[in-house]
Every structure is written in structure tokens, then in C-alpha cells.
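Notes for the structure review
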Amino acid sequence: MREYQKMIEKRIEFLTGNGEGSLEIIEFYNKEMEKIIEEISNLDYEETKDNIVKIKVLYAKLLLLCKGYYIKGTKYYNDESVVKFIEEKIEKFRNYFYNLNSVEHTNWWQWEIGIPFTMNDIFMLMKGKIKDEIIVENLKTSRYFQPDPRYSGNNPVAIHPSGKPLRLSTGGNRVDTVKISLFRGILLEDEGEIKLALESLPEVWEYNEKERGEGFYRDGSFIQHEAIPYAGGYGEVLLSGIGEILYAISDSEYTSVVKKVDDLYEIILNSFEPFFYNGSFTDMLSGRGIDRANNSDSVIGHRILNDILVVSSIFEDYKYKKLEDIVLREIVKYGAEKYLEEEKSPFLYKKIKDLLEKSR
């Protein structure tokens, strides 16, 4: 029981920074929370129920409310009316949008990955604050759509553009499916699901020794979607998820379940470090994401540097110091003050600030 609670506490720390945020972060949450409460209070559920992209965004907005509840200085810090609002809306979402009678449409990713991992974080933050049966019932739906970290399309109503829904999950998608099973297993205290998730993780950082295919190559390439250079897209998703997973289990007995973690160090040096310039990460490795909003070379660089910083703490001293030095070097080149101003995560804001202060 205590192991599960420790991992929940680590996840809460990652999501909220233990409630400590800059004035910019507090201002951001105050502004966004007001808008979200008004929007969801006036939501037309019937009109929305067929728009799965909007539904995923609505879950993400509930998650932002959960985070803001924890951050000191926000208007809704420790406000029980926000908890009641979240509890009521998560149930309405289940009734209208995402339940055991739902059928995948439009985009498989929202059903199998986007909503399940957002839902997990909502319940990490709200466990003990909203009714346990609400958590259990919602996670039944999550497990229905995404039951096994090794596969995507593994449900009776799955869709995929290829026409073959059931497939082995790889790369960034594998990290996402592992994260879903891990955090769901923690919430439900399901040791079997936790172990299967962690055992399914290390293959994402094994080198691809073939001439073609997805994954990391020894020449520094990272390929996904068969032939697209994607270190700045799916590669960043992969590295971010790995950091979140390893951080959550870092003080638990489950660290021993994850094998070959040291191989990840070489991957970071080969496939990420060489492609930075003044804190930005080259556009040519962002694949199809290059034209997405808020996906510039500086934004991607910021995300990857954050990822490296989170991952760095799992390594022995000299490797940890090397990765920390890379992050510090690129932040300074980009402009430390600007970098901090652009950071919206209280947890990462504190880690970056600590890194900068330690270097003085």
C-alpha cells in the first residue's frame, strides 16, 4: 500500500511542483481556470459528443483545473468547490463521451492514448478527494480501449487508417501505452499491470540493427512512421514519457523491473545532443509536426532539454553531471531568464532554477 502511495506522491510532485509556482505560472493558472470553468459550465454535451478531438481537450482542461487546485497562490488553491466541479464533470464526460458503449471514430489515438493518460493524471491528483468508485468506473473504460502496453488497437471497436487495428506499439506510442498501464496500475494497486508495463519499456531505447524500420540507429537517427526522421516529434514524446515513468518509480521497489537503463544515456548523446543550436532543436527532425502550432525549433528544444533534465537524475554521478551540463549549456545559450519565463510547469521551473543557481 505504501509503495503505491509513494508513487502517487511522486506523480503529484511532477504535475504540480509541490504547489510552488512563479508569479507567471500563478497568473497563467488563474486566467486559464476561470475560462475553463465558464466554458465547461456552459458546455452543450449533445453537440460535443461526436467531436473526439474536442473531448480530449476537455479532459485536458479538467486536468489543468486539478493542477491549479494544488498550486499555492491561485484563486482556487485548496478550493473544495473545484473538487466538486471536477467530480461532477468527469462523471458527465463518462456518461456522454467516453464509456464502455463508446465506439472509436475519427482518430484512434484520442481513444487509446490521449484520453486514458490524461484521465490517469486527473485521478492521481484527485485520489482521496473524489469518490473511489468514480475512479474505478472511469478506469474500466480506459482499460477497455487500451488494455495492454505492448499493443495498440487491442479492443473490439478499434480503428486504424491501415485497416489493421491490432499492432505492436513502438517508439513514442509504446512509451505512452506503458505510461497508461503503469499509472492505471498504481491507481488500482494492480502489481501485475505495473510490472508488465515496466517490462515493456526498455525495447524503445534498443538500437535498430536492421537497414530499415522504426527506432534509434547508431548513426544518431530516430525513425518513426516507417521512414520519417522524428527525434523532435515522437522522439521527444518518447524521452518525456521515459522521464515521467522513471521519476514516478524512482523511490520504489519497481526500479529493478526496468532493465538496461544505462543504454538510454548513449541514446541521448547520439540522437538528441548533436541537434541543438542555442537551445533550439533542429526543425528537420520534427517530421510532420513541423507545421503544428506551438511547435517551433525553440519550443521543441525547450521540451527536450526539460526531458533530459528529468531523465538525468536516474544515472550515476558522472553521467548525471554530463547530461546536466548539456542542459545548462543550451539554456544559457538560449537565455536563462527567457527560458524560465516560458516554463509553465512548477516542477520543471524549480528544477531549472536550482540548476542555474547551482552553476553560479
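Below you will find a few notes about this structure. (Residues numbered from 1 in each chain as written. Predicted model: local features only at pLDDT ≥ 70, side-chain atom pairs only at ≥ 80, totals over all residues. Heavy atoms only, no water.)

Another aspect to go through is the overall build of the protein chain. When its secondary structure is counted, the protein chain shows 15 helices and seven strands. Since a compact globule built from 360 residues should have a radius of gyration of about 21 Å, the 20 Å found for the protein chain is in line with a globular shape. In terms of principal-axis extent, the alpha carbons of the protein chain reach across some 50 × 50 × 45 Å. Counting across all 360 residues of the protein chain, residues that qualify as buried make up 56%. When contacts within the protein chain are restricted to residue pairs at least 6 apart in sequence, those whose partners lie at least 24 apart make up 70%. (Helix = DSSP H or I, 4+ residues; strand = E, 2+ residues; numbered from the N terminus. Rg over C-alpha atoms; globule rule 2.2 N^0.38 Å. Buried < 20%, exposed > 50% of the residue type's maximum accessible area, 1.4 Å probe, protein only. Contact = heavy atoms within 4.5 Å.)

Next up on the list: the packing of aromatic side chains. Under the definition given, this model contains 25 aromatic pairs. Relative to Phe315, the ring of Tyr265 lies with its centre 5.8 Å away and its plane at 65°, an arrangement referred to as edge-to-face. With a gap of 50 residues between them, Tyr265 in helix H11 (residues 263–271) and Phe315 in the loop between helix H12 (297–312) and helix H13 (317–334) connect regions that are remote in the sequence. Side by side, Tyr265 and Phe315 carry an identical accessibility label, which is buried. In this structure, Arg167 is placed above the aromatic ring of Trp108, and the distance from its NZ or CZ to the ring centre is 4.4 Å. Geometry around Phe117 places Lys179 over its ring, the cationic atom sitting 4.9 Å from the centre. (Phe/Tyr/Trp six-rings, centres within 6.5 Å; stacked < 30°, edge-to-face > 60°. Lys NZ or Arg CZ within 6 Å of the ring centre and 35° of its normal.)

Looking now at the pattern of salt bridges. Applying the stated criterion to the full structure yields 29 salt bridges. Of the charged contacts in the structure, one is a salt bridge between Glu9 and Arg2, with a shortest N-O distance of 3.5 Å. Between Arg143 and Glu193 there is a salt bridge whose closest N-O contact spans 2.3 Å. Within this pair, whereas Arg143 is found in helix H7 (residues 132–145), its partner Glu193 is found in helix H9 (residues 191–199), the two being separated by 50 residues in sequence. Overall, the relative accessible area of 30% leaves Arg143 in the partly exposed class. Using a relative accessible area of 8% as the deciding quantity, one classes Glu193 as buried. Connected through shared salt-bridge partners, Arg11, Asp121, Lys179 and Glu244 make up one network. (Salt bridge = Lys/Arg side-chain N within 4 Å of Asp/Glu carboxyl O.)

Take the sheet that holds strand S3 (residues 215–216) next. Read from one edge to the other, the open sheet built from three strands follows the order S3-S4-S5, with strand pairing classed as antiparallel. Either end of the sheet is taken by a strand with one partner, and the two such strands are S3 and strand S5 (228–229). (Pairing = 2+ DSSP bridges.)

Among soluble globular proteins, nonpolar side chains are generally buried collectively. Counting 110 residues, the largest nonpolar core has Ile122, Met126 and Leu264 as the members making the most contacts within it. For this core, the leading source of residues is helix H4 (residues 52–70), giving eleven residues. Dropping the residues within four chain positions of it, Ile122 is found in contact with Tyr59, Leu62, Leu63, Cys66, Ile86 and Ile90. (Core = buried A, V, L, I, M, F, W, Y, C linked by side-chain atoms within 4.5 Å.)

Nothing here speaks to function; it is all geometry.
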